[in-house]
Amino acid sequence: MTSLPAPLPPMAHFPRAVWRSHMLPEEWATCLDAWIFLTEAHLSLSTLDFVQISKKDHSLPLFLTSYVAEIALSHDDNSYTNAPRIKALRKNSFLLSCRLLEAEPPESLLDWEFLSDLSKVYGRKHASKLLSMIWEKYSSHLEMNLAGIKVSLIKDLEAGLKGDLKTVEIRLKRLNHLLHTSHEAASFFMAGSDFLDSLISCYKLMNPPLRKVIVSTTYLCVIGLTEGQKPKFSSLVDQLYSLKAAAELHKAGPTSVNDSLVAELVTVTPVIKQVQQRIEAGGSTSNRAKLVLKELEGFRKAEGNDRPARLIRRKVIKGKGVVRSDEVYDEEPHSTVHIHRVSLVSQIQDLFPDLGSEFVIKLLDEYDDKAEEVISHLLEGSLPSHLVNSDRSESLDLPGRDYGSDLVPWSTPSELPTRHNVFDDDEFDQSTFDTARLHFGRRNPDQTADDVLRDRSTAPNKAAILAALAAFDSDDDERDDTYDVEDVGGTVDSAAPGNNPEEANTDIRDANDETLFRAYKATPNILDRDAATRRGKPRASLKEATGMTDEAIEGWGLMLLRDPRQMKRLEAKFSTFSGAQAELMPTSWRASPAGSGTEDSDVDGNNRGRGGFRGRGVHGGRGRGRGGNVAGSTGDKDTEAARHRKEANKGSRANHNRRDQRAKKMARGGFPG
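Here the structure is a predicted model, which is why all the values come from computation and not from measurement.

Topic: the overall build of the protein
Then, number 1: From N to C terminus, the protein includes 29 helices and zero strands.
Then, number 2: Looking at the protein residue by residue over its 673 residues, the buried ones come to 32%.
Then, number 3: Considering only contacts in the protein between residues 6 or more positions apart, those separated by 24 or more positions represent 65%.

Looking at the packing of aromatic side chains
Then, number 1: With the rule as written, the count across this model stands at nine aromatic pairs.
Then, number 2: With centroids separated by 5.7 Å and ring planes inclined at 35°, the aromatic side chains of Trp35 and Phe63 adopt a geometry described as tilted. With Trp35 in helix 2 (residues 25–43) and Phe63 in helix 4 (residues 59–73), this pair connects stretches of sequence that are 28 residues apart.
Then, number 3: Residue class for Phe63 comes out buried when judged on its relative accessible area of 0%.
Then, number 4: Where Phe188 meets Phe189, the ring centres are 5.9 Å apart and the plane angle is 90°; that geometry is what we call edge-to-face.

With respect to helix 11 (residues 208–224)
Then, number 1: A rise of 1.5 Å per residue sets the reference length of helix 11, with its 17 residues, at 24 Å; its end C-alpha atoms lie 24 Å apart and thus fit the reference within 8%.
Then, number 2: With 14 of 17 residues buried, helix 11 lies mostly within the body of the structure.

Describing the confidence of the model for the protein
Then, number 1: Chain-level statistics for the protein give a pLDDT mean of 76 and a share of 74% at 70 or above.
Then, number 2: Between residues 323–335, whose pLDDT stays under 50, and residues either more than four places distant or in other chains, the model counts 20 contacts.
Then, number 3: In this model, residues 398–406 is a region of pLDDT below 50 whose contacts with residues beyond four sequence positions or in other chains number 17 contacts.

Some details on the packing of helix 3 (residues 47–54) against helix 5 (residues 84–101)
When two helices pack together, their arrangement is given by the angle between their axes and by how far apart the axes lie.
Then, number 1: The contact between helix 3 and helix 5 brings their axes to 11 Å, and the two run at 90°. One element, helix 3, and the other, helix 5, form an angle in the roughly perpendicular class. Across the interface between the two elements, Thr47, Phe50 and Ser54 from helix 3 touch Leu96, Arg99 and Leu100 from helix 5.
Then, number 2: Looking at side-chain class alone, the contact of helix 3 with helix 5 contains three nonpolar, two polar and one charged residues.

Structural notes on unusual backbone geometry
Then, number 1: You will see that Asp368, though not glycine, has its phi angle at about 55°, which is positive.
Then, number 2: Looking at the element boundaries, Asp368 is found in the loop between helix 17 (357–366) and helix 18 (371–380).
Then, number 3: Using a relative accessible area of 59% as the deciding quantity, one classes Asp368 as exposed.
Then, number 4: A positive phi angle is found at Asp369, which is not glycine, with a value near 60°.
Then, number 5: Residue placement: Asp369 occurs in the loop between helix 17 and helix 18.
Then, number 6: Looking at Asp369, the relative accessible area reads 22%, which means it is partly exposed.

Focus on the pattern of salt bridges
Then, number 1: The tally for this structure, following the rule as stated, stands at 25 salt bridges.
Then, number 2: Note that Glu373 is salt-bridged to Lys370, the shortest N-O span being 3.9 Å.
Then, number 3: Residue classification places Lys370 among the partly exposed positions, given a relative accessible area of 43%.
Then, number 4: Among the charged side chains, a network of salt bridges with common partners joins Arg534, Arg539, Lys543, Asp550 and Glu554.

Topic: the packing of helix 8 (residues 165–181) against helix 11
Then, number 1: At their nearest, the axes of helix 8 and helix 11 sit 9 Å apart, and the two run at 30° to each other. The orientation of helix 8 with respect to helix 11, classified from their angle, is roughly parallel. Between helix 8 and helix 11 the crossing geometry is left-handed. Across from Leu165, Val168, Glu169, Leu172, Lys173, Asn176, Leu179 and His180 in helix 8, the residues of helix 11 making contact are Pro209, Leu210, Val213, Ile214, Ser216, Thr217, Leu220 and Cys221.

Considerations on a nonpolar patch on the surface
Then, number 1: On the surface, a cluster of nonpolar side chains totalling about 290 Å² of accessible area is made up of Ile465, Leu466 and Leu469.
Then, number 2: If you trace the backbone, Leu469 turns up in helix 21 (residues 462–471).
Then, number 3: With a relative accessible area of 56%, Leu469 lands in the exposed category.

Describing the environment of Ile36
Then, number 1: Looking at the secondary structure, you find Ile36 in helix 2.
Then, number 2: Under the relative-accessibility criterion, Ile36 is labelled buried at 12%.
Then, number 3: It is 5.5 Å that separates the C-alpha atoms of Ile36 and Leu89, two residues lying 53 residues apart in sequence.
Then, number 4: Those residues in contact with Ile36 that lie beyond four places of it in its chain are Arg85, Ala88, Leu89 and Asn92.

Points about the environment of Leu527
Then, number 1: In this structure, Leu527 sits in the loop between helix 23 (502–522) and helix 24 (531–535).
Then, number 2: The exposure class assigned to Leu527 is buried, which follows from its relative accessible area of 9%.
Then, number 3: Between the C-alpha atom of Leu527 and that of Asp550, which follows or precedes it by 23 residues, the distance is 8.9 Å.
Then, number 4: Excluding its chain neighbours within four sequence positions, the residues that come into contact with Leu527 are Tyr520, Arg539, Leu542, Ile553, Glu554, Trp556 and Gly557.

Reading guide: rules and limits
- Residues numbered from 1 in each chain as written.
- Predicted model: local features only at pLDDT ≥ 70, side-chain atom pairs only at ≥ 80, totals over all residues.
- Heavy atoms only, no water.
- Helix = DSSP H or I, 4+ residues; strand = E, 2+ residues; numbered from the N terminus.
- Buried < 20%, exposed > 50% of the residue type's maximum accessible area, 1.4 Å probe, protein only.
- Contact = heavy atoms within 4.5 Å.
- Phe/Tyr/Trp six-rings, centres within 6.5 Å; stacked < 30°, edge-to-face > 60°.
- Expected span 1.5 Å × (residues − 1).
- pLDDT = per-residue confidence, 0-100.
- Axes fitted to C-alpha atoms, helices over the stretch in contact; angles between N-to-C directions.
- Parallel < 35°, antiparallel > 145°, perpendicular 65-115°, else oblique.
- Nonpolar A, V, L, I, M, F, W, Y, C, P; charged D, E, K, R; others polar.
- Salt bridge = Lys/Arg side-chain N within 4 Å of Asp/Glu carboxyl O.
- Left-handed = near helix turned anticlockwise from the far one by under 90°.
- Patch = residues over 30% accessible without salt bridge, like charges linked within 9 Å, V, L, I, M, F, W, Y side chains within 5 Å.
- Areas by Shrake-Rupley, 256 points an atom, 1.4 Å probe, with all protein chains shown as cover.

Written out as structure tokens, the structure is:
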């Protein structure tokens, strides 16, 4: 019976950069040796032993994910890349990852974060074959994992300013490494138009770092459709038409045509040239593709990708400097990289993050600072032999040399001002304080809020509070001079003529009211709300005189009819009666024609002169009634009023006067006179 192999010790996580900075060089070297030893031990196992030991060791995936994540974050930090131990650990970690991913890998190694970091650390040359093998075996699991990040990115991109733009930028940067290495991932994200539409929508925000990342993501997704054994040219043409439609829609809007994603994409990236070459290389003769590429070429910015000529400043070495034992002179003098070349290096490294800055400088020297040609040759793998064999991770290192610095006198630094505060030279500065008073945290940690409330030692004296209240005189109130004219300053007397801005508006309103009122009195139907009145000549003249529209004129008339008081005010304000009576009517009595005189009239239709009956009856005469006839028809308003006035004072004058006269008559013995 064969015995099971002894398990290997678990592997510790790869520390973060903050922790590594606190480690001594000897401690760091010991950790590296331990990791190298354990990775080599796992790699040396046979297939059966590897399945029984390494596959069941849960510390391996944790170490690999932490190692790849930390190296990807500190990819630009070359403090450890030149060390032999780091290079050995880097190689062993890649081989161990490949072996774990061959059959039933842990789920943590199939997450998009790990695959993106792996692509960034090891580059497209080493990671592309591994990712293709993973897609063939575990495509369903990878698509499920990428679907989550795709939906999340679409939601955050469409949220715009309401979303977390910094998180979106970081996640897109991390995802770009996977899109660059795996064309399958790029094809998955370009399935449908929702992801591309969200990128176009978010590019409208004025966020230069995020815009730069969005351009890189769009370029990698479009180029990914042209890669692989079976390029997806049909889906590519559909996406290009979507880009053209978005560019035309942006062009029709109020913003600049050059401020769109399509204009930036076709200007700063070789997407048009790359797609055209790969369509021709694939043997496709689609007229739709050629037409849409030609239309997209029309959105290229006028300034293009032209940059000023490279400026190289060389320091003249006359051989008069002090020779130092630790200094090694190069054959070429020290040169300064121009700022535009630094921008080109950054642009290329956004698409190829595994390339070092020194290697990118060599590529720009080879192709005359043409970034598009550099990117094209990198994608096609058609670099010259002397560049293919170069170290791609080589970084730019320009040590500054100060020849004859010992002979140049240093300027005396100015004395910086010293800051002071109220705690200078206190007992803490002089170290004279009582250490018993020094404590960390609360002085009495067991004390509760109830204890503080019950403690009256620090409470204010009630007598002092009452004395202060007694001394306060609530009636002693000063006059409020907040709004005094001399205190406010810059005031304007609106009562003075010409200072009130409402006077001009009031004059205009009064003129319009007078014009409208006089037109209404002359022709009441001029304010009617019908089509015939609106087309009439009087309405046109009124509109010309007032400068008002039909709706305003009709509204003025409607408010006038609804408010009787407004009618009285306008009649009193714009009345034409000046107090002079044009005609003087006669006041003498005249008989009314056809006997139409009433109780309150001075004329009588049946009698002329002053004869006739004198009563208030229907017989006429000089009676001066107040209107109405007591003999009129029942129910008439004037008749009822006349009857009421007739009976109103009957009790005080009529009957009592008769009784008094009768008494006088009887006192004289019944004789008259």
